[in-house]
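These are the residues of each chain, in order.
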Amino acid sequence: MTERTLVLVKPDGVERGLTGQILARVEAKGYKIVELKLVQATREILEQHYEEHQGKPFFEPLVEFMGSGPVVAAVVEGNRVIEGFRSLAGSTEPTTAPPGTIRGDLGRDWGEKVQKNLVHGSDSPESAAREIGIWFA
Ligand code: CMP
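Bear in mind the structure is a predicted one, so any value in this text is a computation, not a measurement.

Calculation notes
- Residues numbered from 1 in each chain as written.
- Predicted model: local features only at pLDDT ≥ 70, side-chain atom pairs only at ≥ 80, totals over all residues.
- Pairing = 2+ DSSP bridges.
- Helix = DSSP H or I, 4+ residues; strand = E, 2+ residues; numbered from the N terminus.
- Near = placed C-beta within 6 Å.
- Nonpolar A, V, L, I, M, F, W, Y, C, P; charged D, E, K, R; others polar.
- Axes fitted to C-alpha atoms, helices over the stretch in contact; angles between N-to-C directions.
- Contact = placed C-beta atoms within 7 Å.
- pLDDT = per-residue confidence, 0-100.

Below, the discussion takes up the pairing of strand 3 (residues 71-79). Regular strands place side chains that alternate from one sheet face to the opposite one. One ladder, built from eight bridges, connects strand 1 (residues 2-9) with strand 3; its direction is antiparallel. Following the sheet pairing, T2 is matched in strand 3 by N79. Where strand 2 (residues 32-39) meets strand 3, seven bridges bridge the pair, whose relative direction is antiparallel. Bridge pairing links K32 to E77 in strand 3.

Right under this line is the structure:
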């Protein structure tokens, strides 16, 4: 079923000049980029985006990190793209994300409180709709 997901190239990905490689992997998989922008996220956007993580120990460092530089936000479309992009991204921790995935191949452990893991992808159709509404209001 065709669906849409929100993909973010996080500040570590943009800073390291990996945006092109990351988006190329998305396109090579056959997904379509239907919206794309470079944005300096406000605290308000980030608090909304990470609503479910409020109160967790990594929430503050996460919001700080995500606001530390520009991110690339994209709406990506394709059959089962929500699950498919998460599979392309690999698991949260770059150290153990499988080789072949974005995080496994390109991510590194910075030894910090927050996992700087290059990309974000929505985890369900409900989150995708909510997150796309936040970033592409
Ligand atoms: P993402 O899945 O995009 O959204 C939540 C983010 O919080 C996650 O990526 C990581 O960047 C970060 N994160 C999740 N779990 C942890 C954790 N246990 N410790 C530090 N950072 C985390």
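Now that the structure is up, let's keep going.
Looking at the ligand, the residues that line it are H53, F58, L62, T92, V114, Q115, N117 and H120. Along the lines of polarity and charge, the residues of the shell around the ligand split into three nonpolar, five polar and no charged.

What follows is about the sheet that holds strand 4 (residues 119-121). Spatially, four strands are ordered 2-3-1-4 in an open sheet, and the strand pairing comes out antiparallel. Only two strands of the sheet have a single partner each, and these edge strands are strand 2 and strand 4. Going across the sheet, the axis of each strand differs from the next one's by a mean of 20°, ignoring polarity. Of the strands in this sheet, strand 1, strand 3 and strand 4 touch helix 5 (residues 81-89), which is tilted by about 35° from strand 1.

To continue, consider the environment of V119. Tracing the backbone through its elements, the reader meets V119 in strand 4. Sequence separation between V119 and I82 is 37 residues; the distance between their C-alpha atoms is 13 Å. Not counting the four nearest positions on each side in its chain, V119 is found in contact with V7, L8, V9, K10, G13, I22, A89 and I102.

Across the protein chain, pLDDT averages 98, with 100% of residues at or above 70. For this predicted complex, the interface confidence reaches an ipTM of 0.89, while the overall pTM sits at 0.96.

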